[in-house]
Amino acid sequence: MKSSHLSAFSRLSSRVTVPVAALTLAGLAATGCAPSTSDNSSKEDEKSGKLRVWLFQEVNNAPKKKVIDEAVAGFEKEHDGTEVEVTYIPIDTRAQKIKAAFNDPKSAPDVIEYGNTDTAGYVKDGGLLDISKEFGAWGDSTNIDPTAKYSLTIGGKVYGAPLFVGVRALYYRTDVFKDLDLEPPTTQDELIATAKRIHSERSDLYGLAVGGAYTYGAMPFIWANGGDLASEKGKFGSNEYEAAIDSADAQKGVKAYTSLFGNDNCPAAKCAQWGGNDTIEAFASGKAGMAIGGDFSRQAIEAGKVKGKYKVVPLPGVKKGDIAPAFAGGNNVGVLKSTTHRTLAVDLLQTLTGKQTQRKLYDAMGFLPTFTDVRGDVAQKDPFVKPFVKTLNDSAKFVPASPGWAAIDAQLVLPTMFQEIVSGRKNVETATKDAAKKMDEAFQQ
């Protein structure tokens, strides 16, 4: 099971994802063989007792646990007669475990952490509670960024609150750029030309590390050229989609990304199989001049050979000054329909995802806050995150909010498409049309 968001976020660091890892977010890859879900909605709303919480187990979980323990202690102090039990579950097996919880209220938690691309599937399964009313009345919610809120919203209803967000930007080697008298690229054409020049003059380096299985590294090229993965059918918020990967604009983006696979940058024989983790590993180990990585990639790069020899800028768009839209991965927290403590569970959710907790999670784990004001404070204190914050604020995008996305991801529809193109088995038009057909089948199911 892969996750980005965890997804967000590529979980090269203690975080993701994510989704992400490889954030190709096959978040629900296991649901096809999981039991069907019955309606376990609870009408009870007990005002005391035990609340059970499932959160994701991070690679280095101790800092996260410390922040959560503090938040829980404060919650228990404010709610007499209430006890909170937190369990950390493995990310790789989360899909089956959470689906099973939807079917067994007696052993199910009240509150869960989940990848933001899992939302639509979990809502379809009937597991998550609609908390639109409480979310709308929550003062802090007005500062949550629109993309994070979109990841929670299915059919116009809100099913949780965001915990953190992750996004990608362009890492580049300052030593290599200085030696070759290069400036950070400001357009997509400059990015491609710079990548090829680096490899031409430094044959030991990939100019820009790319991967045929790095879906979330390819998406900015599609979006920057005006294309999209899918378009929403009917009115906005219907959550019904049809594939758009074979549109003329999307094909331009696919051509731009796949032009980076070759002996003049990143040979297809090697790079076609790479996912996001592989491209970051190539950069961190000093084998690439540039890479598309997340804020969550920082720890892995700092642990590599290029420590102190890199900077980050937003990934450039087609026009000078534009930022290529990037996928906003991350994790959300939701309440299960089966909870017998609705009011308390929503209060706890707001404590766990509130501004104070998100500030502390950034300090402890590097998780980017989803509140725009808190994120602005973080960027002022830590210049490293400014390119990521600017990308989130200016051009972040999300995948189709459809249960079908999980199947598309699990079936590796987009990585297969990219690999068919860079291997020469199919041209862009044929490969994108074939991918669109598979995507439409998944959306219709």
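Up top is the structure.
Residues numbered from 1 in each chain as written. Predicted model: local features only at pLDDT ≥ 70, side-chain atom pairs only at ≥ 80, totals over all residues. Heavy atoms only, no water.

Draft legend 1. Structural view of the state of the cysteines. Within the structure shown, the criterion is met by one disulfide. Here C266 pairs with C271 through a disulfide, and the sulfurs are 2.0 Å apart. Of note, the bridge from C266 to C271 carries an S-S torsion of about -85° and is left-handed in sense. Residue C266 is classed as buried on the basis of its relative accessible area of 0%. Take C271: its relative accessible area is 0%, and that puts it in the buried class. (Disulfide = S-S within 2.5 Å. Buried < 20%, exposed > 50% of the residue type's maximum accessible area, 1.4 Å probe, protein only.)

Draft legend 2. Just the side chain of T187, in detail. In this structure, T187 sits in the loop between α6 (174–179) and α7 (188–201). Assessed through its relative accessible area of 11%, T187 is described here as buried. A distance of 3.0 Å separates a polar side-chain atom of T187 from the backbone nitrogen of E190. Discounting chain neighbours no more than four positions away, the residues touching T187 are P316, G317, V318, K319 and K320. (Helix = DSSP H or I, 4+ residues; strand = E, 2+ residues; numbered from the N terminus. Polar contact = N/O pair within 3.5 Å; in protein donor to acceptor, adjacent residues only side chain to side chain. Contact = heavy atoms within 4.5 Å.)

Draft legend 3. Broad picture of helix α9 (residues 248–258). When we look at burial in α9, the residues that qualify are A250, Q251, G253, V254, A256, Y257 and T258. Where α9 is buried, its residues touch α7, α8 (215–224), α18 (413–422) and α19 (428–444).

Draft legend 4. Here's a closer look at the nonpolar core. Among the nonpolar cores identified, the biggest contains 140 residues, and L208, L229, I245, M290, W405, M417 and M439 are the most heavily contacted of them. Inspection of this core shows a minimum of three residues originating in each of domain 1 (49–166 + 329–397) and domain 2 (168–326 + 402–444). When neighbours within four sequence positions are excluded, M439 is seen to be in contact with L229, A243, I245, W405, I408, V413 and L414. (Core = buried A, V, L, I, M, F, W, Y, C linked by side-chain atoms within 4.5 Å. Domains from an automatic or database assignment.)

Draft legend 5. Quick look at the packing of α8 against α9. Contact geometry for α8 and α9: axes closest at 7 Å, N-to-C directions at 130°. The orientation of α8 with respect to α9, classified from their angle, is oblique. Of the two elements, α8 crosses α9, and the hand of that crossing is right-handed. Taking contact as the criterion, the partners of G217, A218, F221 and I222 in α8 are, on α9, D249, A250, G253, V254, A256 and Y257. Here the contact of α8 with α9 is built from residues that sort into seven nonpolar, two polar and one charged. (Axes fitted to C-alpha atoms, helices over the stretch in contact; angles between N-to-C directions. Parallel < 35°, antiparallel > 145°, perpendicular 65-115°, else oblique. Left-handed = near helix turned anticlockwise from the far one by under 90°. Nonpolar A, V, L, I, M, F, W, Y, C, P; charged D, E, K, R; others polar.)

Draft legend 6. Spotlight on the sheet that holds strand β12 (residues 310–313). Strands sit in the order β8-β11-β7-β12 across an open sheet of four strands; the sheet is mixed. In the strand order of this sheet, the two ends are held by β8 (206–209) and β12, each with one partner. Direction aside, the axes of adjacent strands within the sheet are offset by 20° on average. Looking at chain direction, strand β7 (residues 168–173) and strand β11 (residues 288–294) are connected through five bridges and run antiparallel. (Pairing = 2+ DSSP bridges.)

Draft legend 7. Region of interest: α8. Of all the 10 residues making up α8, 10 are buried; the element is thus mostly covered by neighbouring parts of the structure. Residues of α8 that are buried make contact with β7, α7, α9, β11, α17 (404–410) and α18. Just beyond α8, the residue with positive phi is G226, at close to 90°.

Draft legend 8. Broad picture of unusual backbone geometry. Notably, D181 is not glycine yet its phi reads approximately 55°, a positive angle. For D181, the location among the structural elements is in the loop between α6 and α7. The exposure class of D181 is exposed, given its relative accessible area of 66%. Positive phi is not limited to glycine here, since L412 has a value of about 55°. Overall, the relative accessible area of 33% leaves L412 in the partly exposed class.

Draft legend 9. Fine view of the packing of aromatic side chains. Going through the model one piece at a time under the given rule, you end up with 20 aromatic pairs. Considering the side-chain rings of F102 and Y122, the 5.4 Å spacing of their centres and the 85° angle between planes classify their relative orientation as edge-to-face. Residue F102 is found in helix α2 (residues 94–103), and its partner Y122 is found in helix α3 (residues 119–124); the two are separated by 20 residues along the sequence. A single burial state applies to F102 and to Y122, both of which are buried. Taking 6.2 Å as the distance between ring centres and 50° as the angle between the ring planes, the aromatic pair formed by Y171 and F388 counts as tilted. Within this pair, whereas Y171 is found in strand β7, its partner F388 is found in helix α16 (residues 386–395), the two being separated by 217 residues in sequence. Both residues of the pair, Y171 and F388, belong to the buried class. The ring of W54 carries the charged tip of K97 above its face, separated from the ring centre by 4.7 Å. Sitting over the face of the ring of F384, R298 holds its NZ or CZ atom 4.0 Å from the ring centroid. (Phe/Tyr/Trp six-rings, centres within 6.5 Å; stacked < 30°, edge-to-face > 60°. Lys NZ or Arg CZ within 6 Å of the ring centre and 35° of its normal.)

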